[in-house]
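# Observations on the three-dimensional arrangement
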Amino acid sequence: QLDFMIENCKLDPAVDEQFHTVLAQVAVGASALEEGEIEPGAVAIVQALNAYGAHFEHPDWQALE
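Conventions adopted
Residues numbered from 1 in each chain as written. Predicted model: local features only at pLDDT ≥ 70, side-chain atom pairs only at ≥ 80, totals over all residues. Heavy atoms only, no water. Helix = DSSP H or I, 4+ residues; strand = E, 2+ residues; numbered from the N terminus. Buried < 20%, exposed > 50% of the residue type's maximum accessible area, 1.4 Å probe, protein only. pLDDT = per-residue confidence, 0-100. Core = buried A, V, L, I, M, F, W, Y, C linked by side-chain atoms within 4.5 Å. Contact = heavy atoms within 4.5 Å. Patch = residues over 30% accessible without salt bridge, like charges linked within 9 Å, V, L, I, M, F, W, Y side chains within 5 Å. Areas by Shrake-Rupley, 256 points an atom, 1.4 Å probe, with all protein chains shown as cover. Salt bridge = Lys/Arg side-chain N within 4 Å of Asp/Glu carboxyl O. Expected span 1.5 Å × (residues − 1). Arc of directions from axis to C-beta.

All right, on to unusual backbone geometry then. Positioned with a positive phi, Asp60 is a non-glycine residue whose angle comes to about 70°. The residue Asp60 is located in the segment after helix H3 (38-55) in this model. Judged by its relative accessible area of 74%, Asp60 falls in the exposed class.

Below, the structure written as structure tokens:
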């Protein structure tokens, strides 16, 4: 699904770059989770989601702690 999102992305180039950065951070976290590295993987995903909220206007988005 991630590959599909990246291949079919139609965002403004500056926005696209930031969104791809967030997606890459989520992918790093997901890979860590798959390797059994639960805490580092979860932390990476939470940080990515918080970065998303800091860079994009998304109604009702709430940062995670």
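The subject of this paragraph is the confidence of the model for the protein. When pLDDT is averaged across the protein, the result is 89; 100% of the residues are at 70 or more. Least confident of the elements in the protein is helix H1 (residues 2-7), whose mean pLDDT is 78; most confident is H3, at 93.

As a further point, take the nonpolar core. Ranked by size, the top nonpolar core spans seven residues in total: Phe19, Val22, Leu23, Ala48, Ala51, Tyr52 and Phe56. Looking at this core, the elements with two or more residues in it are helix H2 (13-34) and H3. In this structure, Phe56 is in contact with Val15, Gln18 and Phe19, ignoring residues within four places of it in sequence.

Here the focus is the environment of Ile45. Residue placement: Ile45 occurs in helix H3. Along the chain, Ile45 and Leu33 lie twelve residues apart, while their C-alpha atoms are 9.7 Å from each other. Apart from residues lying up to four places away in sequence, Ile45 is in contact with Val26, Gly29, Ala30 and Leu33.

A separate point is a nonpolar patch on the surface. Taken together, the side chains of Leu2, Phe4, Met5 and Ile6 present a nonpolar region at the surface, about 360 Å² in accessible area. With respect to the helices and strands, Leu2 occurs in helix H1.

Our focus in this paragraph is H2. With 22 residues, H2 extends 31 Å between its outermost C-alpha atoms, agreeing within 8% with the 32 Å of an ideal straight helix rising 1.5 Å per residue. Where H2 is concerned, the buried positions are Phe19, Val22, Leu23, Gly29 and Ala32. Packed against the buried residues of H2 are H1 and H3.

Attention now moves to H3. Taking 1.5 Å of rise per residue, the 18 residues of H3 would be expected to cover 26 Å, and the 26 Å separating its terminal C-alpha atoms lies within 8% of that figure. Turning to H3, its buried residues are Gly41, Ala44, Ala48, Ala51 and Tyr52. The buried residues of H3 occupy an angular sector of 105° when projected down its axis, which confines them to one face. Those residues of H3 that are exposed and angled more than 90 degrees off the buried face are Ile38, Glu39, Gln47 and Ala54. Along its buried surface, H3 packs onto H2.

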